[in-house]
Amino acid sequence: MSEAQDFKYIGQRTIRPDGHDKVTGRANYAADLSLPGMIWGKILRSPHAHALINRIDTSKAEADPNVFAVMTHADIPNQTASGIRNILARDKVFYHGHAVAAVAAVSEAAAERALGLIEVDYSILKPVMNIDDATSNDSPILHDDLFTKGMPEEPKAPSNVASRNELSKGDIEAGFAEAEVVIEREFRTATVHQGYIEPHACTVRYDEDGHSMIWCSTQGHFAVRATTASMLNIEQTKLNVIASEIGGGFGGKLGVYLEPVALVLSKKSGRPVKMQMDRNEVFMASGPGSATRNWVKIGAKKDGTITAMEAKLCYEAGWAPGSSPLGPACMTVFTPYDVDNQYVEGYEVVVNKARCAAYRAPGAPQSEYACEMVINELADELGMDPIDLRLKNVAKEGTQTMYGPKLKAVGLVECLEAARDSAQYKTALKENQGRGVASGFWFNVGGESSVVINMNEDGTGTIVEGSPDIGGSRASMQMMAAEELQMPVEAFSAIIGDTQNLPYSNPTGGSRTTFATGMAVVEAAADVVSQLKERAAATWNITPEQVEWKDGKAFNTKGEGVLTAAEICGSAAKTGGHISGRGNISARGASPSFAVHLADIEVDPDTGKTTVVRYTAIQDAGKAIHPSYVEGQYQGGSAQGIGWALNEEYVYSSDGRLENPGFLDYRIPLASDLPMIETVIVEVPNSFHPFGVRGIGETGIIPPLAACGTAVSNAIGIRMSELPMSPPKILKAIQDAS
Amino acid sequence: MRLDHCYSMTAHVIFSSELQKFTGVREATVQAEDYRSLVIEITDRYEGLSAADIEDMSVAINGEIIVEPMLEKIDHGSEVHFLYRIEGG
């Protein structure tokens, strides 16, 4: 589609199909399943951030009568499987909380006690806890076999720098030579966690006859199956993974942590095994998002024309090379700007922290934070309105991105204009208050999605999708099926299929599900319409081409006659069997979503405490299938980004131990901390989607970092650069300045 | 007709910095009917560049990022960009 369409069901605010179950506590999350004979698994974790494992003695734990099974790295059947050293450490632990051994016992408490019976002999090594330390000449090297990838010349010595990226367009030196004003600044962001409310958990049952089962909380149950089957050397057909209701993921539930361990314990014990991380474990051993050190330099003419943009980005990977989102960070940093001369150099660095995981628009919040902060400073320097400066240099259809492709139709201009025209932007600030504006860009992706629509005898339909519903996709799928079949939304229910009853689907991530799985639903629904027409034609003894499907009914265009879906499906056995539509696709045509956010923040000069007094999130959705869910995504992304900007950070001791692994000390924003986040849905349709949809889940977390960072800086009159801008840091900046 | 046929298969390929260490160039002109034959052509042309190296990258053809491009047709003047892998959260 290329222009706005009239829709009957899309765009409505229908009742959430999962709402009642969730608010009444009836929804079944990962920890809610128990099986007969089930025992509990627990993991022994390293107390050290960096140490050699000399010996693990499990004999006392194995002798415990309450213990059914004990395992270490050596018990994983496929010792060459990808990611195995994060599941259980082999000969070295790389972070505080690294899994070392596991037990399964009669109860959770018994398993916990048995962990204390396992003896591990460590040789403690000096930990490397940040980019500065990791790249210093006297730093310990985490991996003797790690040589920096992507260097112009082959490195001769191992390094903590895992890789180097580089992107460019135009002539960066010529661009800066043209500039009349140049701003450059370095920024730092802390290690952060996705902060999902539901901890990682699973219940598994190993079956000798080839019917093993995993019930777990995941963004991608097909990926859980692939990883676990590979580690256990079993065929995928012998393992069924069922995605439970999920209590948040934000990228952090794309990885696999517990499931292979639980299945080995189940195999060894002959019992079903349940495992659940506690909150400490979630913070220590899952996630986090990369800490970064980023430098940005931007040059412009005095009329606001930006002539050059340059960045040097350094991203922590945690301990595992290749785990940072450095590539997307480099590709997104300058994309909101149509500037001829751009250059970015990126480095990934390994440190003694948990392996980094994807976190909502992975890589983009940190790099775009640095860019947007400098853009705002440049606007001040030029005496220009920051929105006018952005509009003067705005990326639009046809803009050549630094990472390669030219942009198709996008909605950044519309978002900036909506921000400029918003009530918040026209409202005067009070004493000790500051305002920040920032843009954000995320690619969005397509990928593989599988859907089946099974039509029931009463003419209703059950949509079976392969994408775990993390943000309301079941409602969107119902609405898209209803639109295509021209039947009421209530005629459809949507469920998440197991790995054994649907073909492969990519995980829910990358803002792909409403776009890609939605396309699969449309294809499946079109398949159903085709079959309904065939059956009506058979009933009337005419050809399918002589049947028109309209308003959810089949019309005989060669005579009189109308059949409802209920009538056709009710007699389907007489016309060829029951009706089921399929959509198995590799979706193309994902299109980016841009956003612009406004933050008004008040700072208490005596304490450094920040209060977000007003916040507006504006973003291009292409077409909002269910506007309430879209607004919820905008608000959720904003809230996470505000937390990242103002409070959230991992705090480590000098010996590398995580000191704040809990929500009391790792402070995410609560509803009571924030104002009602105002939203504006911009709709510039994506011409590649039948209904114009763009992914919208991720972009919303990008602008808050710089919007809040600029608001705080403006409130106190001091340029701040390091996140989080927490009260102690703000107070110190105020005191230092005075 | 034959000349037209060959002419219609010329693509403009832009390599990421990661692949440039194999190719030594940022851009190249490649004749190929589809993405699969394009990969064969460039892995033949540049010593040390393997199909596995390319599989680690994302691909955009004429501005569209395509997850599974193997069977994509290459039209005359197509722009093929190899990008850093994009993964969402």
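The structure presented is a predicted model; accordingly, all values stated were derived computationally and were not measured.

Novice: Whenever I open this one, the overall build of chain B confuses me. Can you help?
Specialist: Counting its regular elements, chain B contains four helices and five strands. Mapped in sequence order, the helices and strands of chain B form the string α-β-α-β-α-α-β-β-β. Computed over the C-alpha atoms, the radius of gyration of chain B is 13 Å, within 12% of the 12 Å expected from 2.2 N^0.38 for a compact globule of 89 residues. Expressed as lengths along the three principal axes of its C-alpha atoms, the size of chain B is roughly 45 × 30 × 20 Å. Across the 89 residues of chain B, 33% fall into the buried class. Long-range contacts, defined here as pairs at least 24 residues apart, represent 55% of the contacts in chain B between residues at least 6 apart.

Novice: Honestly, the domain arrangement of chain A in this entry has me stumped. Any pointers?
Specialist: One frequently used descriptor of interface size is the decrease in accessible area upon assembly of the parts. Residue and element names in this part refer to chain A. Considered domain by domain, chain A is made up of domain 1 (19–26 + 446–587), domain 2 (33–125 + 198–247 + 253–285) and domain 3 (292–444 + 591–737). Contacts between the two partners involve 15 residues from domain 1 and, on the opposite side, 16 residues from domain 3. Those elements giving two or more residues to the side of domain 1 that touches domain 3 turn out to be helix H14 (473–485) and helix H15 (513–540). For the side of domain 1 that touches domain 3, the leading source of residues is H15, giving five residues. Looking at side-chain class alone, the side of domain 1 that touches domain 3 contains six nonpolar, eight polar and one charged residues.

Novice: Whenever I open this one, the interface of chain B and chain A confuses me. Can you help?
Specialist: Contact with chain B, which involves 19 residues of that partner, is made by 33 residues of chain A. When contributions to the side of chain B that touches chain A are tallied by element, the ones reaching two or more residues are helix H2 (17–23), strand E4 (64–66) and strand E5 (78–83) of chain B. In terms of residue class, the side of chain B that touches chain A is built from eight nonpolar, five polar and six charged.

Novice: Would you mind showing me how to read the sheet that holds strand E19 (residues 492–496) of chain A here?
Specialist: Either a parallel or an antiparallel arrangement is found when strands of a sheet pair, and the pairing is made through backbone hydrogen bonds. Residue and element names in this part refer to chain A. Ordered in space as E19-E18-E17-E23, the four strands form an open sheet in which the pairing is mixed. For this open sheet the edge positions go to E19 and strand E23 (580–587), each flanked by a neighbour on one side alone. Neighbour to neighbour, the strand axes of the sheet diverge by 20 degrees on average, direction disregarded. Both strand E17 (residues 447–455) and strand E18 (residues 461–465) contribute to a ladder of five bridges, which runs antiparallel. Each residue of the ladder has a partner; that of valine 451, found in E18, is glutamate 465. Each of E17, E18 and E23 is contacted by H15, which is oriented at about 145 degrees to E23, the strand it contacts most.

Novice: Even after reading the chapter, I still don't get the sheet that holds strand E24 (residues 593–603) of chain A, so can you show me in this structure?
Specialist: All names here are of chain A. The strand order across the open sheet formed by four strands is E16-E24-E25-E26, and the pairing between neighbours is mixed. Since the sheet does not close on itself, it has two edges, and those belong to strand E16 (433–442) and strand E26 (678–682), each with one partner. In this sheet, neighbouring strand axes are inclined to one another by 15 degrees on average, regardless of whether the strands run parallel or antiparallel. Here strand E25 (residues 610–620) runs beside E26; their pairing, made up of five bridges, is parallel. In the strand pairing of E26, glutamine 619 is matched with isoleucine 681. Contacts between helix H18 (residues 627–646) and the sheet are confined to E24, E25 and E26, with E25 contributing the most and set at about 135 degrees to the helix.

Novice: Even after reading the chapter, I still don't get H18(A), so can you show me in this structure?
Specialist: For the α-helix, the turn length of 3.6 residues means that residues three or four positions removed from each other point alike. Compared with an ideal rise of 1.5 Å per residue, which puts 20 residues at 28 Å, H18(A) spans 28 Å between its outermost C-alpha atoms and is within 8% of the ideal. The buried count for H18(A) comes to 15 of 20 residues, which makes it a mostly enclosed element.

Novice: Explain the confidence of the model for chain B to me, please; I cannot follow it from the model alone.
Specialist: Should pLDDT be low for a region, the predicted coordinates there are not to be read in detail. Residues and elements named next belong to chain B. In the predicted model, chain B carries a mean pLDDT of 85, and the fraction of residues at 70 or more is 91%. Counting interchain partners and residues more than four positions distant, the pLDDT-below-50 stretch residues 1–7 has two contacts. The complex prediction reports pTM at 0.96, with the ipTM value standing at 0.85.

Novice: Sorry, what's going on with the nonpolar core here?
Specialist: Soluble globular proteins tend to bury their nonpolar side chains together. Grouped together as the largest cluster of nonpolar side chains are 256 residues, with contacts concentrated most on Ile214(A) and Val261(A). No other element matches H15(A), which puts twelve residues into this core.

Rules behind the numbers
Residues numbered from 1 in each chain as written. Chains lettered and ligands numbered in written order. Predicted model: local features only at pLDDT ≥ 70, side-chain atom pairs only at ≥ 80, totals over all residues. Helix = DSSP H or I, 4+ residues; strand = E, 2+ residues; numbered from the N terminus. Rg over C-alpha atoms; globule rule 2.2 N^0.38 Å. Buried ≥ 20, exposed ≤ 12 C-beta atoms within 10 Å, placed from the backbone. Contact = placed C-beta atoms within 7 Å. Domains from an automatic or database assignment. Nonpolar A, V, L, I, M, F, W, Y, C, P; charged D, E, K, R; others polar. Pairing = 2+ DSSP bridges. Axes fitted to C-alpha atoms, helices over the stretch in contact; angles between N-to-C directions. Expected span 1.5 Å × (residues − 1). pLDDT = per-residue confidence, 0-100. Core = buried A, V, L, I, M, F, W, Y, C linked by C-beta atoms within 7 Å.

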